[in-house]
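Residue-level structure breakdown
This is what each chain is made of:
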Amino acid sequence: DSDVITTRCTNNYGPRQSPEKLIPKTILLAEQNKKIPIYGTGKNIRDWIFVQDHCDAIFRVLFEGKRGESYNISANNEADNLKIVKKILKIMEKPESLIEFTSDRPGHDFRYALSGEYMKNLGWEPKYDFDTRIEQVVKWTLANKRWL
């Protein structure tokens, strides 16, 4: 019998995210009216989860999970990269002409998502709405550039 519990999670977003990641990078480049690179057609899909939801899920697994089990943590919030960038530009009132399509990375995943249905057995579901939180992340990033 293993004492290990495994968690796997989808793409996190939130305050203090590394500036080379899609969301903070987009915010910082858009603020400077610089071109925002998008790999390929921008149709690569990610399932986005707010960092606090991820932390809450880990705590739930820690205290309620079963030894030897694996848990997928997902917000069931799939969106392609182009949609995310356009949403940020709209929040910031910046033109979509800042988007610049570039060659796709070799081996770039087309879709990265997980089913979080098993987490419902532990009584966990994501709480945070993407549209509300992404606006807050934009505001936080612009107000805390020194942190970056």
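This one's a predicted model, so the numbers in the text were calculated from it and none came from an experiment.

The biggest cluster of nonpolar side chains holds 22 residues, and the ones touching the most others in it are Tyr13, Ile23 and Ile88. A total of five residues in this core trace back to one element, the largest contributor, which is helix α3 (residues 81-91). Apart from residues lying up to four places away in sequence, Tyr13 is in contact with Ile23, Trp48, Ile49, Phe50, Val51, Asp129, Phe130, Arg133, Ile134 and Val137. Core analysis: the second largest hydrophobic core is formed by 10 residues, Cys9, Ile49, Val61 and Leu122 among them.

A few words now on the environment of Phe130. One can find Phe130 in helix α4 (residues 130-143). In the structure, Phe130 is positioned 39 residues away from Ile91 in sequence and 13 Å away in space, judged by C-alpha atoms. Residue contacts for Phe130: discarding those within four places in its chain leaves Tyr13, Trp48, Asn77, Ile84 and Lys87.

In this section: α4. Over its 14 residues, α4 extends 20 Å from the first C-alpha to the last, a length consistent with the 20 Å expected when each residue adds 1.5 Å. The complete set of buried residues in α4 reads Phe130, Ile134, Val137, Val138, Trp140 and Thr141. Residues of α4 that are buried sit in contact with β2 (11-13), α1 (22-31), β4 (45-50) and α3. With a side-chain oxygen positioned 3.4 Å from the backbone nitrogen of Asp131, the residue opening α4 is Asp129.

With that out of the way, let us pick up the packing of aromatic side chains. Enumeration over the complete set of coordinates arrives at six aromatic pairs. Look at Tyr13 and Trp48: their rings are 6.5 Å apart centre to centre, the planes differ by 75°, and that puts the pair in the edge-to-face class. With Tyr13 in strand β2 and Trp48 in strand β4, the pair connects residues that are 35 residues apart, well separated along the chain. The same class applies to Tyr13 as to Trp48, namely buried.

The next subject is α3. Those residues of α3 that fall on the buried side of the exposure criterion are Asn81, Leu82, Ile84, Val85, Ile88 and Leu89. Along the axis of α3, the buried residues cluster in a sector spanning 160°; they form a single face. Just downstream of α3, Glu93 is the residue with a positive phi angle, here 55°.

The subject of this paragraph is the pattern of salt bridges. Counted according to the given criterion, the structure contains seven salt bridges. For Glu117, the salt bridge is made with Lys120, and the minimal N-O distance between the two is 3.4 Å. Given a relative accessible area of 44%, Glu117 falls into the partly exposed group. Using a relative accessible area of 38% as the deciding quantity, one classes Lys120 as partly exposed.

About the criteria used
- Residues numbered from 1 in each chain as written.
- Predicted model: local features only at pLDDT ≥ 70, side-chain atom pairs only at ≥ 80, totals over all residues.
- Heavy atoms only, no water.
- Core = buried A, V, L, I, M, F, W, Y, C linked by side-chain atoms within 4.5 Å.
- Buried < 20%, exposed > 50% of the residue type's maximum accessible area, 1.4 Å probe, protein only.
- Helix = DSSP H or I, 4+ residues; strand = E, 2+ residues; numbered from the N terminus.
- Contact = heavy atoms within 4.5 Å.
- Expected span 1.5 Å × (residues − 1).
- Polar contact = N/O pair within 3.5 Å; in protein donor to acceptor, adjacent residues only side chain to side chain.
- Phe/Tyr/Trp six-rings, centres within 6.5 Å; stacked < 30°, edge-to-face > 60°.
- Arc of directions from axis to C-beta.
- Salt bridge = Lys/Arg side-chain N within 4 Å of Asp/Glu carboxyl O.

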